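# Residue-level structural notes
Below are the chains, spelled out letter by letter.
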Amino acid sequence: PNKSIKTLIVPKEVKGFASDFMRGVRVIEKFELPDGLLSIGNISSDLTHEQHCVFANCILPSVSIPESVKEIGNFAFGHSLIDTLQFPPSLRSPYGRQFKDSHIGTLILPKEWENTAYLDEHNRLVIELDSVNYGYLHWPSTAVDKLIFY
């Protein structure tokens, strides 16, 4: 905790992370997750922070979630500062607890969400999608400065 590193490039063999893997670390220049990564933390009905905070309380540069990621666990990026965050079209459950109390400079979402995703008057993300296919999609405690689509 409370360490700074210049670069974190996760090896391609990694498929997931243990709880609190890199909690409280600042990555200064490069943060890279591999294609083939399946999950970032675990989704569970037990909402205790300590079990899922893989990259919680971190300061991160650009974060691109790989296409292969199917789940992002509770509070995985909670209380973090992220310069740029990009979601793949394959991610169907970007619910708010994954990024609880975080600040995201630029959030990049798939073009297919362009007519249904917006920032509310408090710069919180709201995505009005089919809840059956996409899950709970309101980020009540996450600030987003800029929203763009690709």
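Our subject in this report is the structure included herewith. Values in this document were obtained by computation on a predicted structure and should not be read as measured data. (Residues numbered from 1 in each chain as written. Predicted model: local features only at pLDDT ≥ 70, side-chain atom pairs only at ≥ 80, totals over all residues. Heavy atoms only, no water.)

Taken together, the five bridges between strand E4 (residues 59-64) and strand E6 (residues 81-86) define a ladder with parallel strand orientation. Bridged to isoleucine 59 within E6 is leucine 81. Where E6 meets strand E7 (residues 103-109), five bridges bridge the pair, whose relative direction is parallel. Its bridge partner being in E7, leucine 85 is matched across the sheet by leucine 107. (Pairing = 2+ DSSP bridges. Helix = DSSP H or I, 4+ residues; strand = E, 2+ residues; numbered from the N terminus.)

Right, let's get into the packing of aromatic side chains. All told, the structure shown has seven aromatic pairs when counted by the stated rule. Between the aromatic rings of phenylalanine 17 and phenylalanine 55, the centroid separation amounts to 5.2 Å while the plane-to-plane angle is 75 degrees, which identifies the pairing as edge-to-face. In this pair, phenylalanine 17 sits in the loop between strand E1 (3-9) and strand E2 (25-32) while phenylalanine 55 sits in the loop between strand E3 (39-40) and E4, placing the two residues 38 residues apart along the sequence. Here phenylalanine 17 and phenylalanine 55 have matching classes, each one buried. Measuring from ring centre to ring centre gives 5.2 Å for phenylalanine 77 and phenylalanine 99, while their planes differ by 10 degrees; the resulting arrangement is stacked. (Phe/Tyr/Trp six-rings, centres within 6.5 Å; stacked < 30°, edge-to-face > 60°. Buried < 20%, exposed > 50% of the residue type's maximum accessible area, 1.4 Å probe, protein only.)

Below, the discussion takes up the nonpolar core. Nonpolar side chains tend toward joint burial in soluble globular proteins. Counting residues in each nonpolar core, the largest one holds 35 residues, and the members touching the most others are Ile40, Phe55, Leu60, Ile65, Phe77 and Leu85. At the level of secondary structure, the elements contributing two or more residues to this core comprise E2, E4, E6, E7, strand E9 (124-127) and strand E10 (138-149). Residue contacts for isoleucine 65: discarding those within four places in its chain leaves Leu33, Ile40, Ile72, Phe77, Leu85, Gln86, Phe87 and Pro88. (Core = buried A, V, L, I, M, F, W, Y, C linked by side-chain atoms within 4.5 Å. Contact = heavy atoms within 4.5 Å.)

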